[in-house]
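# Architecture and fold: a report
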Amino acid sequence: MKFLQLSVLSFLIVILSLNGATLAHPYGDFLHCLSLRISNSSTISKVIYTQNNPSYSSVLNASIHNTRFATLTTPKPYAIITPLKTSHVQSTIYCSKNHGFQLRIRSGGHDVEGVSYVSQVPFVVLDLVNFRDVKVDTKNEVAWVQSGATTGELYYGIAAKTQTLGFPAGICHTIGIGGHLSGGGFGILGRKYGLAADHVIDVKLVDANGRVLNRKSMGEELFWAIRGGGGNTFGVVLAWKVKLVPVPPVVTVFTVNKNLEQNATKIFHRWQYIAHKLPNELFTAVWVMKVNSSQVGKKTVQAGFRGMFLGGVDELIPLIQHEFPELGLAKENCTQMSWVQSILYFGGLPIQPVNILLNRSALPVSSLKAKTDFVREPMSETGIEGFMNMFLEEEADFAITMIEAFGGRMDEIRENELPYPHRAGILFESTYIVQWTNEADAGRYINWIRRLYSYMASYASKSPREAYYNYKDLDLGTNNIVGYTSYEQASVWGLKYFKNNFKRLAQIKTKVDPMNFFRNEQSIPPL
């Protein structure tokens, strides 16, 4: 028995040395704890990556989509854990808790403020990259999808089995399902079917005590909270059971571009009054950005009117001509395709081959800052002109605002149905994004988007000025990095994301994680 104990200890020391750590390091106790609980030597090298491991940087950077948080000065995790099974997740929670490390949970790495892989205090990252199974059951119209799978992997899994079922999530195919569902998830099927989170019917979650829970064992309160109440707050959701939705074999997409010289301002002004009232089968959006003008050497601003209709072009054209003749939609602006191809179309990718949905690095990465608004009253023409003119400024060279019409099914769901409250009465949601290439210029670009956001204050929702949790914005307020954060302090940002649902989320947090083990700059605090 004594020989066995010595052998195990020797094995652990060798493994820790191979991973670039010894027990004398400040995080040696954490690694020792984890290695004792993950006893298989061939497994351990695929699960634990310390800072001296040759693969550490590639594992860390593989999922970072915002290079603003991939600089030499960005705080790095002491270790990255890439669990292969549930027990590895339980062990990571146990050892992080016992040895004083904050745990950050990453599914796809699209967190625009980097909080799923950056912290100002000693931390480790639990990266769910190996939890990527997608099981589609067309007979019962459901799917089980693990949190580390991307929306693209889910879409591909559905499309491989059927052309008449889909899922109402976002258009960016490299987003991790875990983060997307835990914040709500709005996409081009939203006016017909609501949010991605509206279609979650069961989950598999590991809580702060290491218990593995499903909907029945966790109870309806916690099940409510995790469908939109934000990731890295209530536990680690490993997998989601989702209800799929009917889609026709053929949908129609369109783009009509109008610049300032082609009455873009007037057409957008009219769009605001129409888009939220159109049939639920028709999703429309306006993408605003700077483009080259027809005059050599000059720039203008373009409003791209985009849409996806759950039906054929011959039904769509008369509908738009009747409801929105100002757009001038013609057949040549339209393309018929499958629902899954429409995801690629909106994502700015070739619609063939569809297996690009499986490519997690198909989209370029850049440094960016994002902010969001929900608009309940139409903007004036003068207001729209001022907004568009800001895109003529130098800092807007790589900026875009994506404006998505609400209404339809979103008007029919109560604000407290899920934590995500932005439902009835919203005309559209605006996502402002600015990008840059030289990190030394970051301040200029961030100041520009803050000015744009300030300009929109007159037109956005009021008391609170609502914001979308899936585009986290630390400008809205943060929890204390160290120590206690009061409910009142967290309310500064929390009410913007969750409105009256914030108090209920805090009450649930108090029950399920009273010591606030799962936390970040904008996680729900216990009362």
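Bear in mind the structure is a predicted one, so any value in this text is a computation, not a measurement. (Residues numbered from 1 in each chain as written. Predicted model: local features only at pLDDT ≥ 70, side-chain atom pairs only at ≥ 80, totals over all residues. Heavy atoms only, no water.)

Here the focus is the overall build of the protein. What the protein contains, in helices and strands, is 17 helices and 18 strands. Radius of gyration (C-alpha) of the protein: 24 Å, near the 24 Å computed for a compact globule of 527 residues. Dimensions of the protein along its principal axes, counting C-alpha atoms only, are 85 × 55 × 45 Å. Per-residue burial for the protein yields a buried fraction of 59% across its 527 residues. Considering only contacts within the protein whose residues lie at least 6 apart along the sequence, 72% involve residues at least 24 apart. Looking at charge distribution, the protein has the averaged site of its 51 positive side-chain charges lying 7 Å from that of its 42 negative ones. (Helix = DSSP H or I, 4+ residues; strand = E, 2+ residues; numbered from the N terminus. Rg over C-alpha atoms; globule rule 2.2 N^0.38 Å. Buried < 20%, exposed > 50% of the residue type's maximum accessible area, 1.4 Å probe, protein only. Contact = heavy atoms within 4.5 Å. Lys, Arg positive; Asp, Glu negative; His and termini not counted. Charge placed at Lys NZ, Arg CZ, Asp CG, Glu CD.)

Next up on the list: the sheet that holds strand β13 (residues 282-292). Here 7 strands make up an open sheet; going across it, the order is β15-β12-β14-β13-β17-β18-β16 and the pairing antiparallel. Whereas interior strands pair on both sides, the edge strands pair on one side only; in this sheet they are β15 (334-337) and β16 (367-375). Shown here is a sheet whose adjacent strand axes are inclined to one another by a mean of 20°, direction ignored. Bridging between strand β17 (residues 399-405) and strand β18 (residues 428-436) involves 7 bridges; their strand directions are antiparallel. Among the inter-strand pairings, Ile-403 is bridged to a residue of β18, identified as Ser-430. (Pairing = 2+ DSSP bridges. Axes fitted to C-alpha atoms, helices over the stretch in contact; angles between N-to-C directions.)

Take the UniProt feature "domain: FAD-binding PCMH-type" (unreviewed entry) in the protein next. In this structure's numbering, the residues bearing the UniProt feature "domain: FAD-binding PCMH-type" (unreviewed entry) are residues 73-247. For residues 73-247, the helix share is 25%, the strand share is 25%, and the end-to-end C-alpha distance is 47 Å. (UniProt positions renumbered as here; feature names shortened; annotations may be inferred.)

Take the environment of Lys-85 next. Structurally, Lys-85 is set in the loop between β2 (79-81) and α5 (86-98). Given the relative accessible area of 48%, Lys-85 is considered partly exposed. When the C-alpha atoms of Lys-85 and Val-212 are compared, they prove to be 12 Å apart, with 127 residues separating the residues in sequence.

Our focus in this paragraph is the pairing of strand β4 (residues 123-127). β4 sits mainly inside the fold: 5 of its 5 residues count as buried. Side chains Phe-123, Val-125 and Asp-127 of β4 all project onto a buried face; the interleaved residues Val-124 and Leu-126 project onto the opposite face, where all are buried too. Pairing geometry for β2 and β4, over 3 bridges, is parallel. Bridge pairing in β4 places Ile-81 opposite Leu-126. Relative to β4, strand β3 (residues 102-106) is paired through 5 bridges, and the arrangement is parallel.

Our focus in this paragraph is the packing of helix α11 (residues 264-274) against helix α14 (residues 381-389). Following both chains from N to C, one finds α11 and α14 inclined at 125°, their axes separated by 9 Å at the closest point. On the basis of the axis angle, α11 is oblique to α14. Note on packing geometry: the crossing formed by α11 with α14 is right-handed. Where α11 approaches α14, its residues Ala-264, Thr-265, Lys-266, Phe-268, His-269 and Gln-272 are matched on the opposing element by Glu-381, Ile-384, Glu-385 and Met-388. A class-by-class count of the residues in the contact of α11 with α14 yields 4 nonpolar, 3 polar and 3 charged. (Parallel < 35°, antiparallel > 145°, perpendicular 65-115°, else oblique. Left-handed = near helix turned anticlockwise from the far one by under 90°. Nonpolar A, V, L, I, M, F, W, Y, C, P; charged D, E, K, R; others polar.)

Counting along an α-helix, one turn takes 3.6 residues, and residues three or four places apart therefore face a common direction. Burial in helix α12 (residues 313-323) covers these residues: Val-313, Leu-316, Ile-317, Leu-319 and Ile-320. Looking at the buried side of α12, the elements it contacts are β12 (251-259), β13, β14 (299-309) and β15.

Right, let's get into the state of the cysteines. Evaluation of the coordinates by the stated rule reveals 1 disulfide. Each sulfur in the disulfide pair Cys-33 and Cys-95 lies 2.0 Å from the other. As the torsion about the S-S bond is roughly -80°, the Cys-33-Cys-95 disulfide counts as left-handed. Within this pair, whereas Cys-33 is found in helix α2 (residues 28-37), its partner Cys-95 is found in helix α5, the two being separated by 62 residues in sequence. Residue Cys-95 is classed as buried on the basis of its relative accessible area, which comes to 0%. (Disulfide = S-S within 2.5 Å.)

Time to look at the nonpolar core. If you look at the biggest cluster of nonpolar residues, it comprises 131 residues, and the most contacted ones within it are Phe-167, Phe-268, Trp-271 and Phe-387. For this core, the element with the highest residue contribution is helix α15 (residues 442-455), accounting for 7 residues. Residues contacting Phe-387, with those up to four places away along its chain left out, are Val-288, Met-379, Thr-401, Ile-403, Tyr-432, Leu-452, Tyr-455 and Met-456. Judged by nonpolar contacts, the second largest core, of 27 residues, contains Leu-34, Ile-48, Ala-79 and Val-206. (Core = buried A, V, L, I, M, F, W, Y, C linked by side-chain atoms within 4.5 Å.)

This next bit is on α15. For α15, with 14 residues, the first-to-last C-alpha span of 20 Å sits near the 20 Å given by 1.5 Å per residue. Those residues of α15 lying buried are Ala-442, Tyr-445, Ile-446, Trp-448, Ile-449, Leu-452 and Tyr-453. Mapping the buried residues of α15 onto a view down its axis gives an arc of 155°, with all of them on the same face. Contacts made by the buried residues of α15 are with β16, α14, β17 and β18. (Expected span 1.5 Å × (residues − 1). Arc of directions from axis to C-beta.)

Attention shifts here to the sheet that holds strand β10 (residues 236-243). Overall, antiparallel pairing links the 5 strands, which are arranged β5-β6-β10-β8-β9 in an open sheet. For this open sheet the edge positions go to β5 (134-137) and β9 (212-213), each flanked by a neighbour on one side alone. Across 6 bridges, the pairing between strand β8 (residues 200-206) and β10 is antiparallel. Residue pairing in the sheet places Val-206 in a bridge with Val-236 of β10. Lying over the sheet, α5 contacts β8, β9 and β10, oriented at roughly 55° with respect to β8.

Attention shifts here to the side chain of Ser-182. Structurally, Ser-182 is set in helix α7 (residues 177-183). Discounting chain neighbours no more than four positions away, the residues touching Ser-182 are Ile-226, Gly-228, Gly-229, Gly-230, Gly-231 and Trp-240.

Taken as a whole and assessed by the stated rule, the structure comprises 34 salt bridges. Ionic pairing is found between Glu-415 and Lys-499, a salt bridge with its closest N-O pair at 2.9 Å. With Glu-415 in the loop between β17 and β18 and Lys-499 in the loop between α16 (487-498) and α17 (501-512), this pair connects stretches of sequence that are 84 residues apart. Each of Arg-68, Glu-113, Lys-369, Lys-371, Arg-450, Asp-473 and Asp-475 takes part in a single network of salt bridges with overlapping partners. (Salt bridge = Lys/Arg side-chain N within 4 Å of Asp/Glu carboxyl O.)

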